[in-house]
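Read off the chains here:
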Amino acid sequence: MDAREANFDGLVGPTHNYGGLSYGNMASSSNSARPSNPKQAAQQGLQKMKSLHDMGMIQGVLAPQSRPDLYTLRRLGFTGNDSQVIEQTAKKDPAILASCYSASSMWTANAATVSPSSDSSDGRLHFTPANLVNRFHRSIEHQTTGRILQATFANPEHFAHHQALPSSDHFGDEGAANHTRFCQEYGKAGVEFFVYGQHAFNGQAPKPAKYPARQSLEASQAVARLHGLKNEQVVFAQQNPEVIDAGVFHNDVIAVGNGNVSFYHQLAFLNTQEVNHNLQQAMSNMGNGEMHFIEVPANQVTVQDAVKSYLFNSQLLSLPHLNDGKMGIVVPQECRENANVSAYLDQLIASDSAIDEVLVFDLKQSMSNGGGPACLRLRVVLNEAEQDAVNPACIMNSILFPRLMEWTEKHYRDLLSEADLADPQLLTESHSALDELTQILRLGSVYDFQR
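A few points on the structure.

Cut-offs used in this document
Residues numbered from 1 in each chain as written. Predicted model: local features only at pLDDT ≥ 70, side-chain atom pairs only at ≥ 80, totals over all residues. Heavy atoms only, no water. Helix = DSSP H or I, 4+ residues; strand = E, 2+ residues; numbered from the N terminus. Rg over C-alpha atoms; globule rule 2.2 N^0.38 Å. Buried < 20%, exposed > 50% of the residue type's maximum accessible area, 1.4 Å probe, protein only. Areas by Shrake-Rupley, 256 points an atom, 1.4 Å probe, with all protein chains shown as cover. Pairing = 2+ DSSP bridges. Right-handed = clockwise from strand over helix to strand, strands pointing away. Core = buried A, V, L, I, M, F, W, Y, C linked by side-chain atoms within 4.5 Å. Contact = heavy atoms within 4.5 Å. Axes fitted to C-alpha atoms, helices over the stretch in contact; angles between N-to-C directions. Phe/Tyr/Trp six-rings, centres within 6.5 Å; stacked < 30°, edge-to-face > 60°. Lys NZ or Arg CZ within 6 Å of the ring centre and 35° of its normal.

**Some words on the overall build of the protein**
A count of helical and extended segments in the protein gives 17 helices and 15 strands. By the compact-globule yardstick of 22 Å for 451 residues, the protein fits well, its C-alpha radius of gyration being 21 Å. Taken across its 451 residues, the protein has 62% of its residues classed as buried. In the structure as shown, the protein presents an accessible area of about 17000 Å², 46% of it carried by carbon and sulfur atoms.

**As for the pairing of strand S7 (residues 191-196)**
Working note: regular strand, side chains alternate between the two faces of the sheet. Counting buried positions along S7 gives six out of six residues, so the element sits mostly inside the fold. Where burial is concerned, the two faces of S7 agree: the one with Val191, Phe193 and Val195 and the one with Glu192, Phe194 and Tyr196 are both buried. In this structure, strand S6 (residues 179-182) lies alongside S7, joined through four bridges in antiparallel fashion. Each bridged residue has a counterpart across the sheet, and for histidine 179 the counterpart in S7 is phenylalanine 194. As judged from the five bridges shared by S7 and strand S8 (residues 234-238), these two strands associate in the parallel manner. The residue bridging valine 195 from the neighbouring strand is alanine 237, located in S8. Between S7 and its parallel partner S8, the chain crosses via helix H8 (residues 217-226), and the hand of that crossover is right-handed.

**Some points on the pairing of strand S15 (residues 377-383)**
Counted residue by residue, S15 has seven buried out of seven residues, so it is predominantly covered. Burial of the side chains of S15 extends over both faces: Arg377, Arg379, Val381 and Asn383 are buried on one face and Leu378, Val380 and Leu382 on the other. Pairing analysis gives seven bridges linking strand S1 (residues 3-10) to S15, with the strands arranged antiparallel. Note that in S15 the partner of alanine 3 across the bridge is asparagine 383.

**What to know about the nonpolar core**
Counting 103 residues, the largest nonpolar core has Phe153, Phe193, Phe263, Leu382 and Leu441 as its most contacted members. If sequence neighbours within four positions are ignored, phenylalanine 193 has contacts with Asn178, His179, Thr180, Phe182, Val235, Ala237, Phe269, Val275 and Leu279. By size, the runner-up hydrophobic cluster in this structure holds 14 residues, among which are Phe78, Tyr101, Ile140 and Leu427.

**Thoughts on the sheet that holds strand S5 (residues 159-161)**
The three strands are arranged S3-S4-S5 in an open sheet whose pairing can be described as mixed. Across the chains shown, the open sheet's two edge strands, defined by having one partner strand only, are strand S3 (112-115) and S5. The sheet shows a mean angle of 15° between the axes of neighbouring strands, taken without regard to direction. Here strand S4 (residues 125-129) pairs with S5 via three bridges, running parallel. Counted as the bridge partner of histidine 126 is alanine 160 from S5. Its contacts with the sheet place helix H7 (residues 142-152) against S3, S4 and S5, and it is angled at close to 160° to S4.

**Some remarks on the packing of aromatic side chains**
Taken as a whole, this structure holds 13 aromatic pairs when the rule is applied. Taken together, a centroid distance of 5.7 Å and an interplanar angle of 70° make the contact between phenylalanine 193 and phenylalanine 269 edge-to-face. Here phenylalanine 193, found in strand S7, pairs with phenylalanine 269, found in the loop between strand S10 (261-265) and helix H10 (272-285); they are 76 residues apart in sequence, far enough to count as distant. Assigned by exposure class, phenylalanine 193 and phenylalanine 269 land together as buried. These aromatic residues form a ring-pair network of at least three members: Phe8, Phe127, Phe153 and Phe159. Over the face of the ring belonging to phenylalanine 401 we find lysine 50, whose NZ or CZ atom lies 5.6 Å from the ring centre.

In structure tokens:
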């Protein structure tokens, strides 16, 4: 059956704020405690979703987490009614409150790893929520993430849902931010590319010295087993420890791929020549033909340029209006504000590469919190039967877009400061918004406060 790649973007939640909680993420750290604009953040994301829908892409919407996470606060010993829990935490340990108010679930590239049915041994599409154990504020996401994915992809005949891996650094898993699938055609068996930061059980292996390696080889291997992938269709590669220490906390900050195209920085991987050889070999093994490697030279775009602009935290898309296998690249406007990156993009489009169009989006609210276009979306390859089995209320269209824009106008603040997190009224507003959202998206009771 004909298969297409869909993008399911995370909807920015009503408590979007700059907590500065992500050590190793430069944008997150540098904007800590600045006032945010939740309404603008959500609407910027929705505008991107609608634009890609209008270009002919299948575009889905994934609901945000409920924040603050009262369940976790109560597990940590804060008591009383909801308002009292927030007031206690704000007074006794505001850092914990900020963590339980984290807005980072909007970056659904970290939500899960997804393998299409054409790759898996049982012919179903597989989801494994990421445990995100490296950061406390993200480690509390995966249960609700699993419920949202199960409500969006509910038919067990087509979709298989796994639990997150054990919550240990040995199996630290950051989801699709460290996973790319290569193929000739979406509906045929492809090659799944897992990038890790360190070996969990080999202390002598290379690893970063300054910032944590959030993805372990052992976690990537476990996900591949859970999804029933064949050894010959899987490639594991180590991220360059030096770029992790330069602020490249996920592989999708330094490399991106789509179809048979790998677009990456010269310093992205520990052994680039070996990595590319293994990818080409796997593609050949699976009958997928030639890979196209586009390496961005460090003397044209430095790692610092890449981190500041999020050139590689882009979306490579096979857009319907482009012919001959050409692709478009979705980048944040920061790429046009960086002279080196902008010049490189112009050169890339003028060359005879597979990338033929640059699409620029204003995602300033997300970028200021440390995530670009690729962070906001989870890629899901769907054949025709699976497309029919997806919850239709979660698919972007000309009716859902204005409804969600109106919903944000009704429920979201246009200014949120660090001090506002102590306001119990923000909790009431958030619960009201998310309760209505679950009805719009027909998700059922996915949040703790609804159960």
